[in-house]
Amino acid sequence: MDLEFAINGERFNINSIDPSTTLLEFLRFNTPFKSVKLACGEGGCGACMVLLSKYDPELEKVKEFSINSCLTLLCSINGCSITTSEGLGNTKKGFHPIHKRFAGFHASQCGFCTPGMCISLYSALANAAGYNSSSKSNELTVSEAEKCVVGNLCRCTGYRPIVDVCKSFASDVDIEDLGFNSFWKKGENKEVMLENLPPYNPKDHLVTFPEFLKKNKKKVVYNGLDHSRYRWTTPFSIDELHNSIKSSNSGDSLKLVVGNTGTGYYKDEERFDRYIDISQIPEMSMIKKDEKGIEIGAAVTISNVIDALMEESKSFYVFKKMAAHMEKIGNRSIRNSGSIGGNLVMAQSRKFPSDITTLLLAADASVYMLNGKKTEKVRLWEFLELPSISDSRLVLLKVEIPLWTAPSGDDTELLFQSYRASPRSIGNALPYVNAAFFAVVSRQELSRSGVMVDKCLLAFGSYGGDHSIRATEVENFLTGKLLSYSVLYEAVGLLKGIIVPGKETTHAEYRKSLAVGFLFEFFYPLIENSHRICSLDPEKSLPFLSSSQQVLESNEFHPIGEAVIKVGAALQASGEAVFVDDIPTLPDCLHGAFIYSTEPLAKIKNISFSENVTPTGVFAVLTFKDIPKQGQNIGSKTLFGPGPLFADELTIYAGQRIALVVADTQKHADKAAKLAVVEYDKQNLEEPILTVEDAVKRSSFFEVHPMFYPEPVGDVLKGMQEAELKIHSAELRLKSQYFFYMEPQTALALPDEDNSVKVFSSSQAPEYVHSVIATCLGIQEHSVRVITRRVGGGFGGKAVKSMPVATACALGAYKLQRPVKMYLNRKTDMIMAGGRHPMKITYNVGFRSDGKVMALEVTMLIDAGIEPDVSPIMPRNIMGPLRKYDWGALSFDVKVCKTNLLSRTAMRAPGEVQGSYIAESIIENVASSLQMDVDAVRKINLHTYESLGKFYKHIAGDHGEYTLPLLWDKLEISSKFKERVEMVKEFNMCNVWRKKGISRVPIIHQVMHRPTPGKVSILSDGSVVVEVGGIEIGQGLWTKVQQMVAYGLGMVKCKESEELIKRIRVVQNDTLGLIQGGFTAGSTTSESSCEAVRLCCVILVERLKPTMEKSGSMTWNTLIQQAYAQAVNLSASTLYKPEYSSMEYLNYGVGVSEAKVDLVTGRTEILRSDIIYDCGKSLNPAVDLGQIEGAFVQGIGFFMMEEYTTDEKGLVVQQGTWDYHIPTVDSIPKQFNVEILNTGHHKNRVLSSKASGEPPLLLAASVHCATRAAIREARKQSLSWNCNDGNRDESGMDFELPVPATMPVVKSLCGLYSVEKYLYNVTHFKNV
Ligand SMILES: Cc1cc2nc3c(=O)[nH]c(=O)nc-3n(C[C@H](O)[C@H](O)[C@H](O)COP(=O)(O)OP(=O)(O)OC[C@H]3O[C@@H](n4cnc5c(N)ncnc54)[C@H](O)[C@@H]3O)c2cc1C
Ligand code: FES
Ligand code: FES
């Protein structure tokens, strides 16, 4: 029978397909449903999420759950119904309440993640309604609602508003707890609030399963696909399975499939001769429980395993613990399709760091395998030791978990506990180490007071060994022993010999110390007479997220200042908003992928394909030689010079573009690029420059124009002489950060008549893209047109780095006279993106004993990489925010080093975030050396208005504009800073294994307006079309522009001009329609674009005045009709040019963060962050709030989580969501309070507004500083423990906390051996 399924109620019948086709590929290439986005292709981001509905004809029930369409094979959805976000609602049939609430809670910025978010929420609602169909309304609870987007990444919003949307559907929500939104005003009563919320009723808003599929379902269930046409077999019994395996020719490659989620990890691109779907075999999909235990078929999904274990959990506590742990595996949609068997086989055959094997080992589980026709039972530990079962075509049939019940007797206890240290606390990241412990212990009689270990099973996994293991030596040692500190100390010693991570394992010592820590956590509370010290608090439950926003709307310049909903927010939620990859392409469209260099400096001898076979679908391979004669090898340009599109004969950094493979599909192009073989020759070449130190040795620097090199301040020599104390040659290093825009780099180029090209580019700088393409192709600029509608996240990464992508497509289109599109896969994107500048900083600082700094000398070596990009602006950008304190006198030497590394570029707050952080690090160091309270040192060094003028000259503005001291004091009160400092002290006194820190950080961030064009045209029906130079990258630029045009044209003061906003449409950027667009960067493009259109409106209002005056009061429509009749020019364009004297200004903000550090794992929990930020008079407080929160959370990523590193050749190490961890909903502050201060009139600003896009990112340093404070407490404690057992940590009080402060970093600073040290002390000295 045919493959049949439904998408959004529409029937699809496919009579043959390549079985490796994923659902995502089908949706995006064969249907109009484009809401499903590809952002990682590995199950880690949720952008591709859809709802899968399965009908059970026996039970006549529909089961619905979310799945990742990027991993799901199309053949496996036979007979199912798929719902995408546009299927929930859309512009034609009306938006779904989920879409409306996403818009109204301001929870969509660039919108690339939003459809996936909507599906996650929808699936939670469908489940809630399904599980309890008798319920009147939904039964989603707040705690479930908060977790329903755990598997979705968003790089823009900071999650808080998304969580509010989710919570708004919860039956137990207190509506007053929901954040700022457009449905109600603060202070309105609850009834009004509820009434205004777009209503949701499961009966009306849940989609129904198509009847035509119900009718066919039985056929599907009992027949499966015609396997001759699909190479896809669905056996319905073990015998059929056996026959299928046997009948496939021995040489055929064969793949057993359940959820296919394994490809997310292994990225197998192999196309198998045959796929066998094992999900329909009753024995493999059953769950059977009896008094001996529970049997689970290998094809049962992890979600169903969790449900089954939970059902049993009342009587069997072990199952409950296992289920709770399993809820942290991957994310909900992975668990919905991934099977328990798939997980075990991945662990057994391919060393996957599984959680499930660890849990099952501790429960002493067994597995059954099908070997030929024979069924074999083996214990799990034996199974793990077998040779790869995948290679030997064995099938895992089921898992058997014995039932462990507590032995009778009051003094015997059964214990089971599992542990998991992972970069994200509630899932969506693999663990560094996991562990599960089972023990039967008996409490001994009083005379022999203590706890005896009668039996124990101790399992550890994911530490870098071949698979999970049981620590049998430790088990044997502990069994029969009375627990004591010394026994535990010995056990720990034994364990360290067993946990041996493999050679390639990262953070090997850290992982070992985690294993030790978990063992300690388990047994420690059992040791009698435990100390005055509190227990380890093993229940690290996630408290509800809470937040508050204080935002002042103003209607002085109506509708400017009002929290107008973001333009197109509902469209973004439904997925109808069009991104570059959503533009329908012509059938002859080709697709490109880059071949990149893996050598930092080498001659390119030859480029070929593996085994000299041209891979399927390849059409051409273009190199620098294919650039037209009249053109140039150029792929980017900035004020500081061009960068090449391709390497020529010589590659000069790893990751450099060498060639473009053009093929019939993106999949083929990507595969071909992977199969490319580049031969290099390194003879007679000097060594590449791979460090800033090398660059200094070889004087390899980029020139910095004096314009970008600020002047020193004061007399440093004198300041140093006056200083009572000095710190000399302190050093710190800062690493890079990757943008992780959800939409990867992409472009589509179309050849056009007369040798011209049209290019759709996801770019923050279309004007430059345009010019680069023209230069590369050697054609005049009028023959190039670049169009950008919206960008799925930019953060600076879609400025310079978007240019080569668009240029390569244009070259392909020009040369091959066919449309060429590129959609970079995440790995290539990460390899080429560059990201933030790493740097090395050395400083000398002189200060008084009261903490006042007298002089600072800083030396910086900035690693710019190979091309100048925009790196020469870095000295200016860094030194701006670094001057936020009164250093007395300041001198610096900043070198922009040219290295054979990929070129770094401007990432949100480029240089500014580093400059601001460097200032904090210096202050921390001064405070630490004086043993003073760091907040007091900050305060004493805050600028007075006078010193501000000394450090910032004319940019300092008027006295009244310097609001930092006001913010500093205001936040002290609103965040209850002083009280909380005391509470933190108290907490630290009575807790050994958790320490807290709290920190307050100020920022001063300089921004600059740039010339920006705008054009406003009034059409004959009175609607208004607006074009601006700025690009909508999610920052709400279009919304502010729309408001500004409504305000500007409103000055005409005719009837209904109040309603003008509804008639205004901002349209895509077209470089031939509006020239001189420049870069969208530096936080000020919204303001500048607003000012440009305001000036256009002034012209139009002036032109309309005579008509208005002639005819008296009239409606807008009449006015425009008359103006048309009188041939008034109703289109105005302008280039706003800021005044030199006021084009730069300062932004101020203060953040207070409180963090808790777990000494056992190194995990930092952000308990609370309070921000106060001066937005002047916000143009749109909803948009600005989103920018502030989003930037802060991106800053958390930089300071705490994201590692973007290169290997010894300079090639980027991280490849995607598995090893690059941006914040998720569980990484944001548990309590997140933001206040936007409306500081009134600023005469030189655009309607008194100030920037919000980048400066708040700097405030995330408060989290880092709070973590540093907590670590300091840990080190203080560690110092008080004597230790002479060789396990000494570097535990002095002078330490630098690296950025990012990841778990391994934090733990190593708190003490990798703190457990051993503690146990040694308590055993030998009893003094803890
Ligand atoms: C984003 C993501 C995050 C994840 N996070 C975690 C995590 O935190 N912890 C964790 O433990 N796991 C994690 N996983 C792994 C996940 O649990 C597995 O991918 C899943 O369980 C595999 O099941 P599947 O049905 O999709 O297997 P498939 O992908 O269909 O199969 C996987 C492999 O096993 C083979 N196979 C499957 N079933 C059998 C069988 N019965 N007999 C013989 N061979 C078989 C297949 O041929 C294939 O080679 C994660 C996976 C993803 C994609
Ligand atoms: S694209 Fe599927 S999860 Fe990221
Ligand atoms: S709005 Fe979520 S990624 Fe942009």
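For every chain, the first residue of the written sequence is number 1, and numbering continues from 1 along that sequence. The lettering of chains begins at A and the numbering of ligands begins at 1, in the order of writing. Per-residue local features of the predicted model are confined to residues with pLDDT of at least 70, and side-chain atom pairs are confined, for both listing and counting, to 80 or more; whole-chain, interface and lining totals are unaffected and use all residues. With hydrogens and water set aside, each side-chain value is computed from the structure's full complement of heavy atoms.

J.: Could you give an account of the overall build of the protein chain, naming the residues involved and the relevant values?
T.: Helix and strand assignments come from DSSP, with helices taken as H or I runs of at least 4 residues and strands as E runs of at least 2, each series counted from the N terminus. Along its length, the protein chain carries 42 helices and 44 strands. What you see for the protein chain is a C-alpha radius of gyration of 32 Å, in line with the 34 Å of a compact globule of 1328 residues. Within the protein chain, buried positions represent 66% of all 1328 residues. The accessible surface values rely on the Shrake-Rupley method and a 1.4 Å probe; as for residues, cover is taken only from the protein chains in view. Of the roughly 47,700 Å² of accessible surface on the protein chain, 50% is carried by carbon and sulfur atoms. All radius of gyration figures rest on C-alpha atoms, and the globule criterion is 2.2 Å times the number of residues raised to 0.38. Buried means the residue's accessible area, taken with a 1.4 Å probe over protein chains only, is under 20% of the maximum for its type, while exposed means over 50%, and partly exposed covers the values in between.

J.: Describe in detail the packing of helix α38 (residues 1181–1201) against helix α40 (residues 1261–1280), supporting the description with residues and values.
T.: Each axis is a line fitted through C-alpha atoms, taken for helices only over the stretch in contact, and angles between the N-to-C directions span 0 to 180 degrees. At a minimum axis separation of 8 Å, α38 and α40 run at an interaxial angle of 40°. If you check the angle between α38 and α40, you find them oblique. From α38, Phe1192, Ile1196, Phe1199 and Met1200 reach across to α40, where they touch Ala1261, Ser1262, Val1263, His1264 and Thr1267. Asp, Glu, Lys and Arg are counted as charged, while Ala, Val, Leu, Ile, Met, Phe, Trp, Tyr, Cys and Pro are counted as nonpolar; the rest, among them Gly, fall into the polar class. For the contact of α38 with α40, the per-class residue count stands at 6 nonpolar, 3 polar and no charged. Under this scheme an angle from 65 to 115 degrees is roughly perpendicular, one under 35 degrees roughly parallel, and one over 145 degrees roughly antiparallel; angles in between are oblique. Between two residues, a contact is recorded if the distance between any of their heavy atoms is within 4.5 Å.

J.: Before we move on, could you go through the sheet that holds strand β36 (residues 994–1008) and cite the residues and values that matter?
T.: Strand pairing requires that DSSP identify at least two bridges connecting the strands. Within the open sheet, the 5 strands sit side by side as β18-β44-β43-β42-β36. Their pairing is mixed. Strand pairing shows two members of the sheet lacking a second neighbour, β18 (546–550) and β36, which therefore form its edges. Neighbouring strand axes in the sheet, compared pairwise and without regard to direction, differ in orientation by 10° on average. Two elements, β18 and strand β44 (residues 1231–1237), share 5 bridges in a ladder whose sense is parallel. From the neighbouring strand, Ser546 faces β44, where its bridge partner is Gln1231. Packed on one face of the sheet, helix α33 (residues 964–974) meets β36, β42 (1144–1158), β43 (1164–1174) and β44 and runs near 30° to β42.

J.: Describe the pattern of salt bridges, naming the residues involved and giving the relevant values.
T.: The rule for a salt bridge is simple: a side-chain nitrogen of Lys or Arg has to be within 4 Å of a carboxyl oxygen of Asp or Glu. A complete count under the given rule lists 64 salt bridges for this structure. Here Glu25 makes a salt bridge to Lys667, at a shortest N to O gap of 3.2 Å. Note that Glu25 is positioned in helix α1 (residues 23–30) and Lys667 in helix α23 (residues 666–675), a separation of 642 residues in sequence. Given a relative accessible area of 17%, Glu25 falls into the buried group. Using a relative accessible area of 41% as the deciding quantity, one classes Lys667 as partly exposed. A salt bridge links Asp626 to Lys815; its shortest N-O distance comes to 3.3 Å. With a gap of 189 residues between them, Asp626 in the loop between β21 (618–622) and β22 (636–638) and Lys815 in helix α27 (residues 803–816) connect regions that are remote in the sequence. The class of Asp626 is buried, set by a relative accessible area of 18%. Residue classification places Lys815 among the partly exposed residues on the basis of a relative accessible area of 42%. One continuous salt-bridge network, built from bridges that share partners, spans Lys884, Glu920, Glu924, Arg938, Arg1268, Arg1272 and Glu1296.

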